Amino acid sequence: VQYFGWDLKGWKDVASTAERAAKLYGETPANLVRISIEATAHYEDGTMDEGKYGPMLKSISNIRAANPEVKIFASLKLANKDTFPAWVESSEVGTIFGAKVKRPDPEKFARLVADYIDWLRKNQVAVDFLGLNNEVCDALTAERYVETAEALIAELEKRQLSEEYRSFRFVGAEGFGVPTSIRYAQAIKAERGLDYAHIWGSHFYPDLASGSIEDWKGFARVASENPVWHTEIHVRESDEAAENIARVRDGLALLFKTNQMGVQGYVWWARAHEDSQYANLIRRRVISSLLGGACIKTSGRYEAKNNDPDDELAQATRVGDTVWLWYCNPGSAVAELPVELDSGGAERATGEYWAGPKTVSSKTMGTLKVELQGASRLIVKNLPATSIALVRIDMKGEGGVSAGDGNILVPERELSLIHI
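Bear in mind that the values here come from a model prediction, so they are computed numbers and not experimental data.

### Some details on the overall build of the chain
Thought 1: Helix and strand content of the chain: eight helices and 19 strands.
Thought 2: Against the compact-globule benchmark of 22 Å for 420 residues, the chain has a radius of gyration of 22 Å, which places it among compact chains.
Thought 3: The long-range share in the chain, meaning contacts at least 24 apart out of those at least 6 apart in sequence, stands at 76%.
Thought 4: Only carbon and sulfur atoms are counted for the fraction: they give 46% of the accessible area of the chain, which is about 16900 Å².

Quick look at the structure:
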């Protein structure tokens, strides 16, 4: 995983204080932030209603203070039938989630996005990744997408913006589900638009009809040599303990299974700075346990979707010489959970857990005792019922995590990392 970050599109205040930013971009190694293009904030004469962006710029400033290396991913804000302002509309009719809309005129939409990029420039913010489409595939058709991107590049050159503000990379597709993203990507290819799709993104939900995990294989084939991102990854929650653990488990299952399919970039959807819901704490720990690493071979199988409520999940990830083992236990308490390494040696191990309904209390989280029994065997002690555990295993020096046939400490699949 090369990029992992948080979404400001619906929660522009998520990092509006230094403390909030530190939780998301200081305490975790997150290196990406997704911000919104509020199309209806922009007027035909080039002026705009900055109020629609609220504290977004403040959040960006605080994030940069916490981590100056964070990349900016600007993406169209979906507002269903009200996504595009009237002055951008053409005479051609399309749909957004079943609602009839006028499709955007490429030249006008390009001018709107150029105004947005110029506004960010005046606030010393350069876009690194740009998403023109966001679940509006039948409004901004692939043909219009390519025409908009071409017009945007020409408009930015016309305005003589410096290279810093014109060197972003396009994130293409980004359909509601993977099959839609595949069709959109194929149509962009047919329009000879690969210069405007450096990365391919899609959305995939644990509880909604948005394709199957196998669809990601087809998406990766369409993407060819370009990286694939899951640009809106969701975790659901519940006030009922068993249901809450199952929902959080299903969010983790999507994450792990898509990484095994080759996904290299993620954006967590939803507000995340509050400590009152432990799914937020888990999502922060996920970034530390996966960014710069990948899933590794772990015994036991689970599905990306449609797991039974009482199905466990066991998945290890590796970042450098650290192995992180996630274990979701929707059932009874476990006195001893044995963990064996097929190769390599553990130097030390620690554990933590989250349990019960979604709200944090003294009973819903704590540390776990992990006993080392030699270098290749660990025992996790007293795992609570309906809980999620994370075990950190620090491996011994060089060679402790060397790759080899049958070695669990290698990725689930061979990945060809694409550096961008």
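From this point, things continue past the structure.
### Focus on helix 7 (residues 241-260)
Thought 1: Look at helix 7: 29 Å from first C-alpha to last across 20 residues, which is about the 28 Å you get at 1.5 Å a residue.
Thought 2: Taking the backbone nitrogen of Ala-242 as reference, a side-chain oxygen 3.3 Å away marks Glu-240 as the first, capping residue of helix 7.

### What to know about the state of the cysteines
Thought 1: According to the stated counting rule, one finds zero disulfides in the structure shown.
Thought 2: This cysteine, Cys-295, is not joined by any disulfide, and Cys-328 carries the nearest cysteine sulfur, 12 Å off.
Thought 3: With a relative accessible area of 1%, Cys-295 lands in the buried category.

### Considerations on helix 3 (residues 106-122)
Thought 1: Across its 17 residues, helix 3 extends 24 Å between first and last C-alpha, which sits within 8% of the 24 Å expected from 1.5 Å per residue.
Thought 2: For helix 3, the full list of buried residues reads Pro-106, Phe-109, Ala-110, Leu-112, Val-113, Ala-114, Asp-115, Tyr-116, Ile-117, Asp-118, Trp-119 and Leu-120.
Thought 3: In this structure, the buried side of helix 3 is in contact with strand 2 (32-37), helix 2 (56-66), strand 3 (71-76), strand 5 (99-104), strand 6 (129-131) and helix 4 (142-158).
Thought 4: For helix 3, the N-terminal cap is Asp-105; the gap from its side-chain oxygen to the backbone nitrogen of Glu-107 is 3.1 Å.
Thought 5: Gln-124, located one to two residues past helix 3, shows a positive phi value of around 60°.

### A few points about the side chain of Glu-135
Thought 1: With respect to the element layout, Glu-135 can be found in the loop between strand 6 and helix 4.
Thought 2: No salt bridge is formed by the buried Glu-135, whose closest oppositely charged neighbour, Arg-34, lies at an N-O distance of 6.8 Å.
Thought 3: For Glu-135, the side chain forms a polar contact with the side chain of Tyr-205, separated by 2.7 Å.
Thought 4: Each residue touching Glu-135, except ones within four places of it in the same chain, is listed here: Leu-78, Ile-96, Phe-97, Glu-174, Gly-175, Phe-176, His-203, Tyr-205 and Glu-232.

### Some thoughts on the environment of Trp-200
Thought 1: Structurally, Trp-200 can be placed in strand 8 (residues 199-203).
Thought 2: Of the residues examined, Trp-200 reaches a relative accessible area of 0% and is grouped as buried.
Thought 3: Separated by 21 residues in the primary sequence, Trp-200 and Arg-221 place their C-alpha atoms 11 Å from one another.
Thought 4: With sequence-adjacent residues up to four places away left out, Trp-200 is seen in contact with Gly-172, Ala-173, Ala-185, Ile-188, Leu-194, Phe-219, Val-222, Ala-223, Asn-226, Pro-227, Val-228 and Trp-229.

### Concerning the sheet that holds strand 10 (residues 265-268)
Thought 1: Pairing in this closed barrel of eight strands is parallel, and the strands run 1-2-3-6-7-8-9-10 around the ring. In this sheet, adjacent strand axes meet at a mean angle of 30° when their direction is disregarded.
Thought 2: Relative to strand 9 (residues 228-233), strand 8 runs parallel, the two being bridged by four bridges. If you follow His-203 over to strand 9, its bridge partner there is Glu-232.

### Some remarks on unusual backbone geometry
Thought 1: At Glu-135, a position not held by glycine, the phi torsion is positive, near 65°.
Thought 2: A positive phi angle, close to 75°, is found at Ala-173, a residue other than glycine.
Thought 3: Secondary-structure assignment places Ala-173 in strand 7 (residues 169-173).
Thought 4: According to the relative accessible area criterion, Ala-173 is buried, its value standing at 0%.

### Regarding the environment of Phe-204
Thought 1: Inspection of the secondary structure assignment puts Phe-204 in the loop between strand 8 and helix 6 (215-223).
Thought 2: The exposure class assigned to Phe-204 is buried, which follows from its relative accessible area of 0%.
Thought 3: Residues Phe-204 and Glu-174, 30 residues apart in the sequence, show an inter-C-alpha distance of 9.9 Å.
Thought 4: The contacts of Phe-204, once residues within four sequence positions are left out, are Phe-176, Val-178, Ser-210, Gly-211, Ser-212, Ile-213, Trp-216, His-230, Glu-232, Leu-254, Thr-258 and Lys-305.

### Quick notes on the nonpolar core
Thought 1: Phe-4, Ile-35, Tyr-116, Leu-130 and Leu-152 are the most contacted members of the largest nonpolar core, which totals 107 residues.
Thought 2: With nine residues, the top contributor of residues to this core is helix 3.
Thought 3: Not counting chain neighbours up to four residues away, the residues in contact with Leu-130 comprise Ile-37, Phe-73, Ala-74, Val-113, Ile-117, Leu-152, Phe-168, Arg-169, Phe-170 and Val-171.
Thought 4: By size, the runner-up hydrophobic cluster in this structure holds 23 residues, among which are Val-323, Leu-368, Val-391 and Met-395.

### Examining the confidence of the model for the chain
Thought 1: Residues at a pLDDT of 70 or more form 94% of the chain, whose mean pLDDT is 92.
Thought 2: Here residues 398-408 scores under 50 on pLDDT; set against residues more than four positions off or in separate chains, the count is 20 contacts.
Thought 3: Here residues 414-420 is a poorly scored stretch, pLDDT under 50, and it has 18 contacts once near neighbours within four places are set aside; other chains count.

### Thoughts on the sheet that holds strand 14 (residues 334-340)
Thought 1: In spatial order, the strands read 14-18-17; together these three strands make up an open sheet with antiparallel pairing. Edge positions in the open sheet fall to strand 14 and strand 17 (370-372), since each of these has one partner strand only. Neighbour-to-neighbour, the strand axes of this sheet turn through a mean angle of 20°, independent of strand direction.

Cut-offs applied
- Residues numbered from 1 in each chain as written.
- Predicted model: local features only at pLDDT ≥ 70, side-chain atom pairs only at ≥ 80, totals over all residues.
- Heavy atoms only, no water.
- Helix = DSSP H or I, 4+ residues; strand = E, 2+ residues; numbered from the N terminus.
- Rg over C-alpha atoms; globule rule 2.2 N^0.38 Å.
- Contact = heavy atoms within 4.5 Å.
- Areas by Shrake-Rupley, 256 points an atom, 1.4 Å probe, with all protein chains shown as cover.
- Expected span 1.5 Å × (residues − 1).
- Polar contact = N/O pair within 3.5 Å; in protein donor to acceptor, adjacent residues only side chain to side chain.
- Disulfide = S-S within 2.5 Å.
- Buried < 20%, exposed > 50% of the residue type's maximum accessible area, 1.4 Å probe, protein only.
- Lys, Arg positive; Asp, Glu negative; His and termini not counted.
- Salt bridge = Lys/Arg side-chain N within 4 Å of Asp/Glu carboxyl O.
- Pairing = 2+ DSSP bridges.
- Axes fitted to C-alpha atoms, helices over the stretch in contact; angles between N-to-C directions.
- Core = buried A, V, L, I, M, F, W, Y, C linked by side-chain atoms within 4.5 Å.
- pLDDT = per-residue confidence, 0-100.

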